[in-house]
Amino acid sequence: MKVGLLVRVEAKPEYADEVEAMLRGAQELAEREEGTVTWFAFRETVTTFGVFDTFEDEQGRQAHLAGRIAAALGEAARTKLSAPPVIAPVDLLGSKVS
């Protein structure tokens, strides 16, 4: 794994449960993506969520950004999020996988 994405998602309070359900459901989509090595969705606060995923190369990362999960986040941003998702590409410096 050489590259990743760190995404922060801030839901409107009245949609927090729906955003949580959307992220839980996105796991199945992530499992189907050939270029996605690892995918994690998490909750920080009642309304703040995040996603961290990793890829072997830039091609995998770009395929993910053009995929169904990114499209669903973009759609949710129109009504369920208080701001657009903050998507930060990252370069991985090390990892431990058991």
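See the structure shown above.
Everything quoted here is computed from the prediction, not taken from an experiment. (Residues numbered from 1 in each chain as written. Predicted model: local features only at pLDDT ≥ 70, side-chain atom pairs only at ≥ 80, totals over all residues. Heavy atoms only, no water.)

Asks: Would you take a moment to explain the pattern of salt bridges for this structure?
Replies: If charged atoms from side chains of opposite charge come close, those side chains can pair. All chains considered together, the criterion is met by seven salt bridges. In this structure, Arg43 and Glu20 form a salt bridge, with 2.7 Å as the shortest nitrogen-oxygen distance. Of this pair, Arg43 sits in strand β2 (residues 36–43) while Glu20 sits in helix α1 (residues 16–32), and the two are 23 residues apart along the sequence. In this structure Arg43 comes out as partly exposed when scored by relative accessible area, which is 37%. Glu20 gets classed as partly exposed once you look at its relative accessible area, which sits at 22%. The structure contains a network of salt bridges with shared partners spanning Glu20, Arg24 and Arg43. (Salt bridge = Lys/Arg side-chain N within 4 Å of Asp/Glu carboxyl O. Helix = DSSP H or I, 4+ residues; strand = E, 2+ residues; numbered from the N terminus. Buried < 20%, exposed > 50% of the residue type's maximum accessible area, 1.4 Å probe, protein only.)

Asks: When you look at the sheet that holds strand β3 (residues 48–55) in this model, what are you seeing that I'm missing?
Replies: Either a parallel or an antiparallel arrangement is found when strands of a sheet pair, and the pairing is made through backbone hydrogen bonds. In space, the four strands of this open sheet follow the order β2-β3-β1-β4, with antiparallel pairing throughout. Both outer strands of the open sheet, β2 and β4 (86–91), are each paired with one neighbouring strand and no more. Averaged over all adjacent pairs, the angle separating strand axes in this sheet is 15°, with direction ignored. In the sheet, strand β1 (residues 3–10) pairs with β3 via eight bridges, with the strands oriented antiparallel. When the sheet's bridge partners are listed, Leu6 is paired in β3 with Phe52. (Pairing = 2+ DSSP bridges. Axes fitted to C-alpha atoms, helices over the stretch in contact; angles between N-to-C directions.)

Asks: Explain helix α2 (residues 58–65) to me, please; I cannot follow it from the model alone.
Replies: Since there are 3.6 residues in each turn of an α-helix, residues three or four apart along the chain are aligned in direction. Along α2, the positions that sit buried rather than exposed are Gly60, Arg61 and His64. What you see down the axis of α2 is that its buried residues fit within an arc of 100°, all on one side. Those residues of α2 that are buried lie in contact with β1, β2, β3, α3 (68–79) and β4. Regarding α2, its N-cap is Asp57, as a side-chain oxygen of that residue lies 3.3 Å from the backbone nitrogen of Gln59 further along. (Arc of directions from axis to C-beta. Contact = heavy atoms within 4.5 Å. Polar contact = N/O pair within 3.5 Å; in protein donor to acceptor, adjacent residues only side chain to side chain.)

Asks: Hey, could you run me through α3 in this one?
Replies: Given a rise of 1.5 Å per residue, 12 residues ought to cover 16 Å, and the 18 Å separating the end C-alpha atoms of α3 matches this to within 8%. The set of residues buried in α3 consists of Ile69, Leu73 and Ala76. Looking down the long axis of α3, one finds its buried residues gathered within 65° of arc, a one-sided arrangement. Exposed and facing more than 90 degrees away from the buried side of α3 are Arg68 and Arg78. For α3, the elements touching its buried residues are β1, α1, β2 and α2. (Expected span 1.5 Å × (residues − 1).)

Asks: Hey, could you run me through the environment of Lys96 in this one?
Replies: When you line up the elements, Lys96 lands in the segment after β4. Of the residues examined, Lys96 reaches a relative accessible area of 71% and is grouped as exposed. Distance from Lys96 to Thr79, taken between C-alpha atoms, is 37 Å for residues 17 residues apart in sequence. A distance of 2.5 Å separates the side chain of Lys96 from the side chain of Ser98, its partner in a polar contact.

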